[in-house]
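Working through the structure, step by step
One letter stands for each residue in the lines below.
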Amino acid sequence: MGDQNPEKMLVKGNEALAMAAIDAGCLLYFGYPITPQNDIPEYLSKHLPPLGGEFIQAESEIASINLLLGASATGKRAMTSSSSPGISLMQEGISYMAGSELPGLIVNISRSGPGLGGISPSQGDYFQATRGGGHGDYRMIVLAPSTIQEMYDLTILAFDLSDKYRNPAMILGDALIGQMKEPLLRRRPEKIDLPPKDWALTGAKGRKPNRLKSLYLQDGELSEHNWKLYQKYERMKREEVRFETLLTEDAKLVVAAFGSMARVSKSSVELAREEGMKVGLFRPITLFPYPEKALHDLSKRVKRFLTVELNTGQMVEDVKLSVDRDVEVYFYGRPPGSLPTPEEILEEIRKYYG
Amino acid sequence: MELVFKRPECLIDVPFHFCPGCHHGIAHRLVAEAIDYFKIREKTIGVASVGCSVFMYDYFDIDVLEAPHGRASAVASGVKRARKDRIVFTYQGDGDLGAIGIAEGIHTANRGENITLIFANNGIYGMTGGQMAPTTLLGQKTTTSPYGRDFTYDGYPIRMAEMLATLEGSAFVARVAVNNPANLMKAKKAVRKAFQMQIEEMGFSFVEFLLACPTNWGLSPLEANRRVEEEMIPYFPLGILKERKMADYL
Ligand SMILES: Cc1ncc(C[n+]2csc(CCOP(=O)(O)OP(=O)(O)O)c2C)c(N)n1
Ligand code: SF4
Ligand SMILES: [Mg+2]
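Note that the structure is predicted; figures quoted are calculated from it, not measured.

Cut-offs applied
- Residues numbered from 1 in each chain as written.
- Chains lettered and ligands numbered in written order.
- Predicted model: local features only at pLDDT ≥ 70, side-chain atom pairs only at ≥ 80, totals over all residues.
- Heavy atoms only, no water.
- Donors = N, O, S within 2.8 Å, 3.2 Å for Na, K, Ca; no water.
- Helix = DSSP H or I, 4+ residues; strand = E, 2+ residues; numbered from the N terminus.
- Near = heavy atom within 4 Å.
- Polar contact = N/O pair within 3.5 Å; in protein donor to acceptor, adjacent residues only side chain to side chain.
- Areas by Shrake-Rupley, 256 points an atom, 1.4 Å probe, with all protein chains shown as cover.
- Nonpolar A, V, L, I, M, F, W, Y, C, P; charged D, E, K, R; others polar.
- Axes fitted to C-alpha atoms, helices over the stretch in contact; angles between N-to-C directions.
- Parallel < 35°, antiparallel > 145°, perpendicular 65-115°, else oblique.
- Left-handed = near helix turned anticlockwise from the far one by under 90°.
- Contact = heavy atoms within 4.5 Å.
- Pairing = 2+ DSSP bridges.
- Domains from an automatic or database assignment.
- Buried area = accessible area lost by both parts, 1.4 Å probe.
- Salt bridge = Lys/Arg side-chain N within 4 Å of Asp/Glu carboxyl O.

Residues and elements named next belong to chain B. All of the protein donors around the magnesium ion (ligand 3) are D94 (OD), N122 (OD1) and I124 (O); their distances to the metal are 2.1 to 2.2 Å. Spacing between the donor residues of the magnesium ion (ligand 3) along their common chain follows D-x27-N-x1-I. Of the two residues, D94 is situated in helix 4 (residues 94-100) and N122 in the loop between strand 4 (116-121) and strand 5 (124-125); the sequence distance between them amounts to 28 residues.

The next point concerns the site of ligand 1. In the neighbourhood of ligand 1, 17 residues make up the surrounding shell, with H24, C52, D94, D96 and G126 of chain B lying closest. More than a single chain frames ligand 1: its nearby residues are located in chains A and B. Backbone polar atom of I124 of chain B to an oxygen atom of ligand 1: 3.1 Å apart, as the coordinates give it. Coverage of ligand 1 by the protein chains reaches 77% of its 590 Å² of free accessible surface. Those elements that place two or more of their residues in the shell around ligand 1 are helix 4 and strand 5 of chain B. It is helix 4 of chain B that provides the largest number of residues to the shell around ligand 1, a total of 4 residues. A class-by-class count of the residues in the shell around ligand 1 yields 6 nonpolar, 8 polar and 3 charged.

Here we take up the packing of helix 1 (residues 24-37) of chain B against helix 8 (residues 181-199) of chain B. Residue and element names in this part refer to chain B. Between helix 1 and helix 8, whose axes approach to 9 Å, the crossing angle comes to 50°. Classified by the angle between their axes, helix 1 and helix 8 sit oblique to one another. Once helix 1 is placed against helix 8, the crossing between them reads as right-handed. Counting all contacts with helix 1, which are made through I26, L30, V31, E33, A34, I35 and Y37, the residues of helix 8 involved are L184, A187, K188, V191, R192 and F195. Here the contact of helix 1 with helix 8 is built from residues that sort into 10 nonpolar, no polar and 3 charged.

Once that is clear, we can look at the sheet that holds strand 12 (residues 279-284) of chain A. Residues and elements named next belong to chain A. Taken together, 5 strands build an open sheet; the order of strands is 10-12-11-14-15 and the sheet is mixed. Each end of this open sheet is capped by a strand with a single partner; those strands are strand 10 (243-246) and strand 15 (328-333). The average angle at which neighbouring strand axes cross in this sheet is 20°, direction not considered. As paired elements, strand 11 (residues 253-256) and strand 14 (residues 304-309) share 4 bridges and run parallel to each other.

Right, let's get into the site of ligand 2. Residue and element names in this part refer to chain B. Neighbouring ligand 2 are the residues F18, C19, C22, H24, C52, N122, C213, P214, T215 and N216. A per-element tally of the shell around ligand 2 places helix 9 (residues 214-217) first, with 3 residues. Among the residues making up the shell around ligand 2, the classes are represented as 6 nonpolar, 4 polar and no charged.

Right, let's talk about the domain arrangement of chain A for a bit. Residues and elements named next belong to chain A. Domains assigned within chain A are domain 1 (7-196 + 214-239) and domain 2 (244-353). Taken over C-alpha atoms, the centre of domain 1 sits 26 Å from the centre of domain 2. Every contact between the two is made by 32 residues of domain 1 and, on the other side, 24 residues of domain 2. Here domain 1 and domain 2 share an interface that buries about 2,400 Å² over both sides, 58% of which is from carbon and sulfur atoms. By the criterion of area lost to domain 2, the three top residues of domain 1 are Q123, Y126 and F127, representing 30% of everything that side buries. Joining domain 1 to domain 2, the criterion identifies 3 salt bridges. Here R263 ties to E182 by a salt bridge, and the two come within 2.4 Å at their closest N and O atoms. The tally of links from domain 1 across to domain 2 stands at 16 residue pairs in polar contact (both at pLDDT 80 or more). Put simply, the parts of the chain that give the side of domain 1 that touches domain 2 at least two residues each are helix 6 (126-130), strand 6 (141-143), helix 7 (148-165), strand 7 (168-174), helix 8 (175-179) and helix 9 (221-239).

So this is what it looks like as structure tokens:
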């Protein structure tokens, strides 16, 4: 049972995300301006204060992530958003959050790199998001929306998963998803049961003091801590994987793509079907935990995969790791600059369909 | 017999790990006394920095959060914005606040965050083994200024208190030392005042401590104490640099 009277509206992806944060009960935002995500802080700077929330335009993304770390430590929902170069600056803080087992939402409406790169859409931050990014052996929950509705729904999910696992979560979008307008059904979420935040720092009243830290120097302590984190990541892999499939039942070739590239690829799959080719789409929604088992199962039937990405080849590694050994994994990549058209991807499909 | 020396209630009854003659323990004690004085133990959240004082949570019987190196003031700002009715303080070394975290420190003061920063200036990187700090005095030998700090290479020691006092956002700024009983009493008053400012929601409060690090200065505890008087205080003058009155708001 969701919201009985959902609001229908036409909004930008970034705005949908900001609305979702508020609807998820996040009234604390910290961030530093960077294109193409400025609609998020702009929206929240307007809407948080009247709700009794806090908006800080920080002096840097280093400050933003640490403001988030502090706010999350008190048990309140909080977030930051940025784009690629800013997310690079946050990596140390994200590692500390993972190490101290702190929730919190980090939004990356990514742009292109390396370096200052450009502001065009890119999926060049896949490795950074899914491989840790910061130092140490940790993982972050990463969700990749491909519609405006998902910008809203997955943001709410990200807060829930982040609290459930006491782990930072990321929404990984790009300029396309952030700037595009689409209809949104704003169904405010029902409260779900989450573990109590008895670890939060609220002042040691009527209880022993709580300590949140990532430094472990006693013999064996840190190794134990790392195994505990590992168990948590394993549980995420078992319980939190999300993905979408389209026309895979009879498919001879499956296109694997996430986020904005999955949108374009969907059109290409439909065009291929019109030509009589049995082509399907596999779209990971959680980039960590990655839907490796689902892909593996699929690869028992489908022996050709075409991974399409807006970079020179990152997620393709996860596809290769997931599928059966006798499967051919092809790759079509597009470095930043322009998006491929559905016809261009269709051309690739024809090439590998056989 | 009258009990004259009592452990503050919010300090846990364990020995400090600090080296003999280290002043960190004294500064910890003064902070603990202020928390006791205002009876705010149950609503105080401390933010530890990375340095010799990182183990703050082993000593203070309060909720403590550990910040990445240099980020304590941003972390504390986040805590305070989320829980405005709590008392929040950081305890940061000179490397932590004066070097790697100087941007966060300045902007926290400039935003007038209603928190208290305790700045432990010992003119050295204690924890990492005695490297040069932004507050290392000219001519002072450290493991990374083996010929003595030379301003043509390393610049000048930074006076954090003076710098933060120039910002409109700061409400209370003081510099203290604990090298003799008279200075200790003034330090105690300054820390108390800093917490009082926060309780009264006057804005950002800052107390810089000049602390001895005998180990990395290569001196005995007594010599280190003397060095605070003879070398540090002349460059880092003690006193209250700024104190905002309620009337300033009216
Ligand atoms: C990002 C990062 N860089 C460097 C370090 C190593 N480090 C730990 S403590 C410290 C300096 C501590 O000096 P200070 O802040 O003056 O504290 P003290 O030990 O003197 O009390 C450094 C450089 C670190 N932990 N993290
Ligand atoms: S190294 Fe210096 S600052 Fe650190 S505990 Fe020893 S005396 Fe104190
Ligand atoms: Mg120091």
